[in-house]
Amino acid sequence: MQILEYFKTPIWLEEKPEFIKSLNKASDPYIKEARKRNKDYIKKNGDFGISHHSTPLTADTKFRDFHNYVGQKCWEFLDWQGFDMQKYQTFYEQSWVQEFAKKGGGHHAAHIHWNTHVNAFYFLKCGPETSKPVFHEPRTGARATKLHMKPGNGVFHGTELVHFNPKPGTLIIFPGYLEHEYSVDYGKKPFRFIHICITAVLKDMAKKGV
């Protein structure tokens, strides 16, 4: 039989360790401020089960080189998929850093981000014992008609969940429609990452400010 594959979901992964040191230093004040905002919760519950979420990073010049690099890669990601990117301008919808609770329990339920076309993760602090990003089968029809999988490990065409084992410096770029989550962190090691959302807007609309 001839094998044809269509409607595949691309994920780009790259190791970019050269950003780790500078971005961790630039991120420290944001995480400190996030913990300060969560001090009432921490006082009541301990530093458990929470994600310390920064304010937006896009205006901070300390992140400029990183944002320029990832922004260009996200544009290339869309162009590589066949989209006519000469007609579009890409914008940062969101960029923030977050760190999971020191005593564990940090996680994110499965979700997508509205009105974004590319998402990216950049990992600053992580390891084999920390939380992991998990991606879900994006095809609604495939999820609704899923059959039982064969026993054993491995990733197949019928696999519904795929997780990654990032290390500091790992950059992952994926489509905005791809549902993602973070597994529960046990608090054994620090877990910190930057999350980016990119939106593509028609150039004519961008000029008009629509």
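Analysis parameters
- Residues numbered from 1 in each chain as written.
- Predicted model: local features only at pLDDT ≥ 70, side-chain atom pairs only at ≥ 80, totals over all residues.
- Heavy atoms only, no water.
- Salt bridge = Lys/Arg side-chain N within 4 Å of Asp/Glu carboxyl O.
- Helix = DSSP H or I, 4+ residues; strand = E, 2+ residues; numbered from the N terminus.
- Buried < 20%, exposed > 50% of the residue type's maximum accessible area, 1.4 Å probe, protein only.
- Pairing = 2+ DSSP bridges.
- Core = buried A, V, L, I, M, F, W, Y, C linked by side-chain atoms within 4.5 Å.
- Contact = heavy atoms within 4.5 Å.
- Axes fitted to C-alpha atoms, helices over the stretch in contact; angles between N-to-C directions.
- 1 Å grid on protein atoms, 1.4 Å probe; cavity = no way out; pocket = protein on both sides within 12 Å on 5 of 7 lines; lining within 4 Å.
- Points joined across faces, edges and corners; volume = space filled by probe spheres on them.
- Nonpolar A, V, L, I, M, F, W, Y, C, P; charged D, E, K, R; others polar.
- Disulfide = S-S within 2.5 Å.

Asker: Would you mind showing me how to read the pattern of salt bridges here?
Answerer: One side chain can pair with another of opposite charge once the charged atoms of both are near each other. Taken as a whole and assessed by the stated rule, the structure comprises eleven salt bridges. A salt bridge links Arg35 to Glu99; its shortest N-O distance comes to 2.9 Å. One end of the pair, Arg35, is in helix α1 (residues 20-37); the other, Glu99, is in strand β3 (residues 88-100), and 64 residues separate them in sequence. As far as burial versus exposure is concerned, Arg35 and Glu99 are alike and both buried. Taking the shortest distance from any N to any O, the salt bridge between Lys146 and Glu137 comes out at 3.5 Å.

Asker: Please explain unusual backbone geometry as it appears in this structure.
Answerer: Peptide bonds are mostly trans, and most non-glycine residues show a negative phi. The phi angle at Phe7 is positive, at roughly 60°, despite the residue not being glycine. In this fold, Phe7 is placed in the segment before β1 (12-15). Phe7 gets classed as exposed once you look at its relative accessible area, which sits at 73%. Even without being glycine, Asn115 reaches a positive phi, approximately 55°. We classify Asn115 as exposed; its relative accessible area is 58%.

Asker: Got a minute to help me understand the pairing of strand β5 (residues 118-125) in this structure?
Answerer: Side-chain positions along a regular strand alternate between the two faces of the sheet. Most of β5 is tucked away, with seven of its eight residues classed as buried. For β5 and strand β8 (residues 170-175), the ladder comprises five bridges, and the chain directions are antiparallel. When the sheet's bridge partners are listed, Tyr122 is paired in β8 with Leu171. Of the pairings in the sheet, the one linking β5 to strand β10 (residues 192-202) comprises seven bridges and is antiparallel in character.

Asker: Even after reading the chapter, I still don't get the nonpolar core, so can you show me in this structure?
Answerer: A general feature of soluble globular proteins is that nonpolar side chains tend to end up buried together. One finds Leu23, Phe66, Tyr122 and Ile194 to be the most contacted residues of the largest nonpolar core, which totals 25 residues. Of all elements in the fold, only α1, α3 (64-80), β5, β8 and β10 reach the threshold of two or more residues within this core. With near-sequence residues (within four places) excluded, Ile194 lies in contact with Leu23, Leu57, Phe63, Phe66, Ser95, Trp96, Val97, Ala120, Phe121, Tyr122 and Leu124. If you look at the next biggest cluster of nonpolar residues, it comprises twelve residues, including Phe123, Phe135, Ile172 and Leu178.

Asker: Explanation requested: the sheet that holds β3 in the structure shown.
Answerer: Adjacent strands of a sheet pair through backbone hydrogen bonds, lying either parallel or antiparallel. Read from one edge of the open sheet, six strands run β1-β8-β5-β10-β3-β2, paired in antiparallel fashion. Of all the strands in the sheet, just β1 and β2 (51-53) have a single pairing partner and so form its edges. Put simply, the sheet's adjacent strands are angled 25° from each other on average, direction ignored. Pairing of β2 with β3 involves three bridges; the strand directions are antiparallel. When the sheet's bridge partners are listed, Ser51 is paired in β3 with Phe100.

Asker: When you look at the layout of surface pockets in this model, what are you seeing that I'm missing?
Answerer: In this approach a probe as big as a water molecule rolls over the atoms, and the regions it shows empty are the leftover space. Counted as a void, the largest pocket has a volume near 570 Å³. Lining of the largest pocket is provided by 20 residues; of these, Lys8, Thr9, Arg139, Phe156 and His157 occupy positions nearest its centre. Residue classes in the lining of the largest pocket are distributed as eleven nonpolar, four polar and five charged. By volume, the second largest pocket is sized at about 230 Å³. Lining the second largest pocket are 15 residues, and of these Gly154, Val155, Thr159, Glu160 and Leu161 lie nearest its centre. The element that contributes the greatest number of residues to the lining of the second largest pocket is strand β7 (residues 161-163), accounting for three residues. Considered class by class, the residues forming the lining of the second largest pocket number seven nonpolar, five polar and three charged.

Asker: How do you make sense of the state of the cysteines when you look at a structure like this?
Answerer: Two cysteines joined by a covalent bond between their sulfur atoms form a disulfide. Scanning the model with the defined rule gives zero disulfides in all. Considering cysteine sulfurs only, Cys197 is the nearest to Cys74, which forms no disulfide, with 9.6 Å between them.

Asker: What should I look at first to understand the sheet that holds strand β4 (residues 108-111) in this one?
Answerer: Strand order in the open sheet made by the four strands is β4-β9-β6-β7, with antiparallel pairing throughout. The open sheet has two edge strands with one neighbour each: β4 and β7. Each strand of the sheet is rotated relative to its neighbour by a mean of 20°, with strand direction disregarded. Both strand β6 (residues 133-136) and strand β9 (residues 180-182) contribute to a ladder of three bridges, which runs antiparallel. Paired with Phe135 across the strands is His180, a residue of β9.

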